[in-house]
Structure formats: C-alpha cells, structure tokens
Amino acid sequence: MADSSTQVIVQRTAESSDVKFSQSIQITTIRLNGSNYVNWSRSVLMYLRARRMAKYINDDPPVPVTEDWVAEDNLVMTWLVNSMESRFSDQILSCNTAKAMWTTLASILSQESNLSSIYELYMKFFNMKRGGRSVTDYFTEMRGVLQEINTFHPFTMNVEDIRKKENQIQVARFLDGLGHEYDAIRTQLLVNEDVTTLEQAFNRVL
C-alpha cells in the first residue's frame, strides 16, 4: 500500500498531465486582436516553454511522424486558435501544423511589415497623458510602450534599415493628421505594404 507522500506525488503528476493536455485551458490572458501581436506572441511562447512544448511552433515535424506528436501538435494548434479573435483564427485554420500557424501569423502581423501596428504604437506614445494616475503608473506605461517600439525599431547602423524606419514614422504621422474624414482610406493604407514612403501615402490619399 502506497504511503501518503507517494499518493500526493502521483496526484500532482496526474494533475500536471491533465493541465498539459487540456484543450480548454487559457494559455494567456492576452487575446490576439492584431495590435497586440508582440505581447501575445511572447506570452504564448512563455507558456509553451514552461510546458516544454515550444518545439511544436519552432521545429519541423519529426521523421517519421508519430501519433503522439500529431496529438500534441494539434493540442498546441487548438491553444493558438482559442487565444485569438476569429478574424485571425480563420486565416490559419487551413494550416496543418502549429509551426505553420505560428509562421503564418508572424508573416501577417509582424511589426516589421505591419505599418498599422507601428502607427498605433507611435500614436499611443505621442498622445500619452498622465491624467489622474500617479507619476509612477504614467512612467511605467510609457516605458512599456517604448520597449514595444524598440522591439520593432531597434538601434541599428544599417542605412537601409534606418531609412525604412524613418519612412514608417513619417507615413504614420502623415496619416494620423489627416482627420476623421479620411478614416476609411487611412485604414486601407495602414495594412497596405506597398505604401512605404511619405510621397506614396500622399499620392494614394489624393
């Protein structure tokens, strides 16, 4: 007959296994909505690393593919789909692996190619006010936004990268100052990767 300490270990092991393989658990409190891709992806990655399952979004399938691998890969796919708005999950449901889902989302929402997210970050930074908050809370929020900006616009000595970042800031600022009557075209331009310079934005607005 197992002693009480052994029973506790077995119970905890079973509970840990149930959590790991549950499809309904909430793996992050951040629900992907497009503008929060960076924080969402970091949060998801932290969870998967904690469960030692990050390999399903980073590595190619094993050869040969086993039933256990397929089962766990589909579990990660379910977690990803359940952690985002349907407009994004609809775009990745045709993917066959968790890695394919992860890569597809990165290509769609990565800040390096998503002017819309860059726009929102800079506008949030420049329009930030302390309001009724403490100076500490105000400072903490500002630091957080600056860290996000630095993730996508890190310091570099590459001339082409510097020019690209300058163009993105110029386009974002131009679009922000257009006024509400240009909301529709602003939204179109923010998701259009072909608009990369201030002059191109100007010509599209005319």
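Preceding this paragraph is the structure being described.
All of these numbers come straight from a predicted model, not from anything done at the bench. Numbering of residues starts from 1 in every chain and runs along the sequence as written. Only residues with pLDDT of at least 70 get local features here, since the model is predicted, and only at 80 or more are side-chain atom pairs given and counted; chain-wide, interface and lining totals rely on the full set of residues. Here the side-chain values reflect all heavy atoms present in the structure, with hydrogen atoms and water set aside.

Enquirer: Kindly report on the packing of aromatic side chains, identifying the contributing residues and their values.
Expert: The pairing test for Phe, Tyr and Trp rings, Trp by its six-membered ring, is centres within 6.5 Å, and the orientation test on the planes gives stacked under 30 degrees, edge-to-face over 60, and tilted for anything in between. Within the structure shown, the criterion is met by six aromatic pairs. Here the aromatic rings of Tyr37 and Trp40 are separated by 6.3 Å at their centres, their planes lie at 35°, and the arrangement is tilted. Taken together, the residues Tyr37 and Trp40, both in helix H2 (residues 37–50) and three residues apart, mark about one turn of the helix. Think of it in three bands: residues with accessible area under 20% of the maximum for their type are buried, residues over 50% are exposed, and the middle band is partly exposed, with areas taken using a 1.4 Å probe on protein chains only. Judged by relative accessible area, Tyr37 falls into the buried class, the value being 11%. Residue class for Trp40 comes out buried when judged on its relative accessible area of 0%. For the purposes of this entry, the term helix denotes a DSSP run of H or I that reaches at least four residues, the term strand denotes a run of E that reaches at least two, and both are numbered from the N terminus.

Enquirer: Give me the lowdown on the pattern of salt bridges, citing residues and values where you can.
Expert: Whenever a carboxyl oxygen of Asp or Glu lies within 4 Å of a side-chain nitrogen of Lys or Arg, that contact is scored as a salt bridge. Counting across every chain of the model gives six salt bridges. Here Glu160 and Arg163 are joined by a salt bridge, their closest N and O atoms 2.9 Å apart. Here Arg163 and Glu160 lie together in helix H9 (residues 159–176), a separation of three residues that amounts to about one turn.

Enquirer: Report on the packing of H9 against helix H11 (residues 198–205), specifying residues and quantitative values.
Expert: In the contact formed by H9 and H11, the axes pass within 8 Å of each other and the chain directions differ by 30°. With respect to each other, H9 and H11 are oriented roughly parallel. Listed contacts from H11 to Gln170, Val171 and Phe174 of H9 are Leu198, Ala201, Phe202 and Val205. Ten residue types, Ala, Val, Leu, Ile, Met, Phe, Trp, Tyr, Cys and Pro, are classed as nonpolar, four, Asp, Glu, Lys and Arg, as charged, and the remainder, Gly among them, as polar. Within the contact of H9 with H11, the residues separate by chemical class into six nonpolar, one polar and no charged. Think of each axis as a best-fit line through the C-alpha atoms, taken over the contacting stretch in the case of a helix, with angles from 0 to 180 degrees between the N-to-C directions. Between 65 and 115 degrees an angle is taken as roughly perpendicular, under 35 as roughly parallel, over 145 as roughly antiparallel, and anywhere else as oblique. Contacts: residue pairs with any heavy atoms within 4.5 Å of one another.

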